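Residues per chain are reported as follows:
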Amino acid sequence: MNFHLVMKEVLLNFFLILTPIYFFQFISTQRARNGQILLGIIAGMAAVLCMTFPIAYGSGFLWDLRWVAFVIAIIYGGWTAGGIAGVILLSYRISLGGLASILNVTVVAVMLFILFIVMRKWFHGLALKKKMQAGLAMAILTFSLVLMAIMFHFWFTDNLGFFYAEGANVFLLMGASYILSMLLFIYFTENTIRFSSLRETFHQTEKAHMVNELFVLFSYELKKPLEKAKESLEKIQLNTADASSAGHQKLALSQLEEAQRVLSGYHSYSKNEDGIKSGFFLLPAIEEIVEITSPYSHTKGVQVTYSLNQDIELTGDKIPFKQAILNILKNAIDATSKGGRVLIEAEKSRNHVKLRVIDSGIGMTREVLRDIARSNGLSGSKFAGNGLHVAFEQVHKIGGYLSFDSVVDKGTVVTMKLPLA
């Protein structure tokens, strides 16, 4: 046995298993379905290459890391990626022939598929450290099933003597390779996902700042012509005796005053000045936000509904509230798949109201929820780009606070506790 040759073959299998990482950043930018298909194809081809370049150890005993690639596809791509990788793996194995081996591989593939489809939701709800520990357990479990399948194959072919003759060294190296390759993939993949998320957040934050500056400039420039138009209408109204014309002029003046008020409020908000603490009713504000976002929700194929009492009146300025609920609702729509639903409901108590935005989307892991709680939406946090910074800031401005409750693949509940007028 040439030890250097064996290690070269082991390293080759390592690099083949890590192949999906090289493409993971590209995969993560695709639509969910397309990304899963792409991951399944890449993981399936990695498994095929591992089978094409197996590791020879001992007296001609051949093994490889195909099952690590298969498990990776299931854990990170679900049914679609795991199914595609499994079909590619089994198709290649069938092409090699050997009925007993084909049946053995098929049974192992089905068992691993069922097992890790069940485990993937639990896995993605863990923090990175816990994921590494879970990866260790998954690698050991995968290796144990594969080892039992190998043993059964040698028993079926009446060659158990060869199986035992290889001794512990073969299976020790094989087990260590399963564990190391699984842990390396999880570590690099999780960090790649975090890096991509931070980069996207940075770009979104920059765009948000640019749009905000444009709106400030727009509101400032628009205020001047509105003021002049109002002054002109007031002069015309003083010199007009016709009651009908005077009524139309009065209506035009009231609309100009409303436009001025909205622009002044937005301009003050954008410059972090105090808004007008006049109070407002919840239902009309929610109806307006739902109407504003309806084209976006229809494009996404998400139904937005609300169930609110008409008599709920909140204290504070309406503009910060609308900014907060707009960002939260947009996040809920983005997180919900086509055909899903977002519900807005309110629970009124003695001196406050709990407004909930409930979606049936992808949900968030416990790690993400902890990060949100720690950052509290502060500027510069990695959640600033998805609107949470604005939501936290504006809810705090009207004397309320935000809380989050979420389950991966089941949805998220964002609760806004707001003071009543």
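Residues numbered from 1 in each chain as written. Predicted model: local features only at pLDDT ≥ 70, side-chain atom pairs only at ≥ 80, totals over all residues. Heavy atoms only, no water.

Visitor: Break down the packing of helix H4 (residues 66–96) against helix H5 (residues 99–124) for me, citing the residues and quoting the values.
Guide: Their axes nearest at 10 Å, the elements H4 and H5 cross at an angle of 170°. Classified by the interaxial angle, the pair formed by H4 and H5 is roughly antiparallel. Considering only residue class, the contact of H4 with H5 consists of 19 nonpolar, 7 polar and 3 charged. (Axes fitted to C-alpha atoms, helices over the stretch in contact; angles between N-to-C directions. Helix = DSSP H or I, 4+ residues; strand = E, 2+ residues; numbered from the N terminus. Parallel < 35°, antiparallel > 145°, perpendicular 65-115°, else oblique. Nonpolar A, V, L, I, M, F, W, Y, C, P; charged D, E, K, R; others polar.)

Visitor: Requested: an account of the sheet that holds strand S7 (residues 352–359), with residues and values cited.
Guide: With respect to topology, 5 strands assemble into an open sheet ordered S4-S6-S7-S9-S8, the strand pairing being mixed. Each having just a single partner strand, strand S4 (303–307) and strand S8 (401–407) make up the two edges of the open sheet. Ignoring strand direction, the axes of neighbouring strands in this sheet form an average angle of 15°. Note: S8 against strand S9 (residues 411–419), 7 bridges, orientation antiparallel. Note that in S9 the partner of Tyr 401 across the bridge is Lys 417. Along the sheet, helix H11 (residues 318–335) makes contact with S4, strand S6 (341–348), S7, S8 and S9, crossing S7 at roughly 25°. (Pairing = 2+ DSSP bridges. Contact = heavy atoms within 4.5 Å.)

Visitor: For the confidence of the model for the protein, give the residues involved together with the corresponding values.
Guide: Parts of the model with low pLDDT should not have their predicted coordinates read in detail. Scored by pLDDT, the protein comes out at a mean of 78, with 71% of its residues at no less than 70. Counting interchain partners and residues more than four positions distant, the pLDDT-below-50 stretch residues 271–276 has 8 contacts. Across residues 378–385, where pLDDT falls below 50, the model places 20 contacts with residues more than four positions away in sequence or in other chains. (pLDDT = per-residue confidence, 0-100.)

Visitor: Could you give an account of the packing of aromatic side chains, naming the residues involved and the relevant values?
Guide: Counted by the stated rule, this structure contains 10 aromatic pairs. Centre to centre, the rings of Trp 67 and Phe 70 are 5.9 Å apart; their planes meet at 70°, and the pair counts as edge-to-face. In this pair, Trp 67 and Phe 70 are both assigned in helix H4, 3 residues apart and thus about one turn of the helix distant. For the residue pair Trp 67 and Phe 70, the accessibility class agrees, reading buried in each case. Among the aromatic side chains, those forming a connected cluster through ring pairs are Tyr 76, Phe 123 and Phe 185. (Phe/Tyr/Trp six-rings, centres within 6.5 Å; stacked < 30°, edge-to-face > 60°. Buried < 20%, exposed > 50% of the residue type's maximum accessible area, 1.4 Å probe, protein only.)

Visitor: Just give me the short version of unusual backbone geometry, but keep the residues and values in it.
Guide: With a phi angle near 70°, Asp 409 is a residue other than glycine that sits in the positive phi range. Tracing the chain through its elements places Asp 409 in the loop between S8 and S9. With relative accessibility at 38%, the residue Asp 409 sits in the partly exposed group.

Visitor: Could you give an account of a nonpolar patch on the surface, naming the residues involved and the relevant values?
Guide: There is a patch of nonpolar side chains on the surface, built from Leu 12, Leu 49 and Phe 53 and spanning about 240 Å² of accessible area. Tracing the backbone shows Leu 12 in helix H1 (residues 3–17). (Patch = residues over 30% accessible without salt bridge, like charges linked within 9 Å, V, L, I, M, F, W, Y side chains within 5 Å. Areas by Shrake-Rupley, 256 points an atom, 1.4 Å probe, with all protein chains shown as cover. Salt bridge = Lys/Arg side-chain N within 4 Å of Asp/Glu carboxyl O.)

Visitor: Please set out the nonpolar core residue by residue, giving values where relevant.
Guide: Judged by nonpolar contacts, the single largest core of 56 residues is most densely connected at Trp 63, Trp 67 and Phe 70. Secondary structure elements with two or more residues in this core: H1, helix H3 (32–52), strand S2 (61–63), H4, H5, helix H6 (128–156) and helix H8 (167–238). Here this core gets 13 residues from one element, more than from any other, and that element is H4. In this view, Trp 67 contacts Leu 89, Val 105, Val 108, Ala 109, Leu 112, Thr 142, Val 146 and Tyr 178; residues no more than four positions away in its chain are not counted. Of all hydrophobic cores here, the second largest spans 37 residues; its members include Leu 283, Leu 314, Ile 325 and Leu 418. (Core = buried A, V, L, I, M, F, W, Y, C linked by side-chain atoms within 4.5 Å.)

Visitor: Give me the pairing of S9: which residues, what numbers.
Guide: Along S9, 7 of the 9 residues are buried, which leaves the element largely enclosed by surrounding structure. The hairpin turn running from S8 into S9, its antiparallel successor, is 3 residues long, and Asp 409 in that turn takes a positive phi close to 70°.

Visitor: Hey, could you go over the packing of H11 against helix H13 (residues 388–397) for me, with residue numbers and the actual values?
Guide: Helices that pack against each other are described as a pair by the angle of their axes relative to one another and the distance between those axes. As a packed pair, H11 and H13 sit with axes 8 Å apart at the nearest point and diverge in direction by 145°. For the crossing formed where H11 meets H13, the hand is left-handed. Contact with H11, carried on its side by Pro 320, Gln 323, Ala 324, Asn 327, Ile 328 and Asn 331, involves Leu 388, Val 390, Ala 391, Gln 394, Val 395 and Lys 397 of H13 and no other residues of that element. (Left-handed = near helix turned anticlockwise from the far one by under 90°.)

Visitor: Can you break down H5 residue by residue, with the values?
Guide: With 26 residues, H5 should reach 38 Å at 1.5 Å per residue; the first-to-last C-alpha distance of 37 Å fits that figure. At Val 118, H5 shows its maximal kink, close to 30°. (Expected span 1.5 Å × (residues − 1). Bend = angle between axes of the 7 residues up to and from the residue.)

Visitor: Any details on the pattern of salt bridges? Residues and values, ideally.
Guide: Applying the stated criterion across every chain, the model contains 8 salt bridges. The closest approach of N and O atoms between Lys 348 and Asp 311, which form a salt bridge, is 3.7 Å. You can see Lys 348 sitting in strand S6 and its partner Asp 311 sitting in the loop between S4 and strand S5 (313–314), a full 37 residues away along the chain. Its relative accessible area of 41% is what places Lys 348 among the partly exposed residues. Of the charged contacts in the structure, one is a salt bridge between Arg 356 and Glu 347, with a shortest N-O distance of 2.7 Å. Counted as one network, the salt bridges with shared partners bring together Lys 300, Lys 330 and Asp 334.

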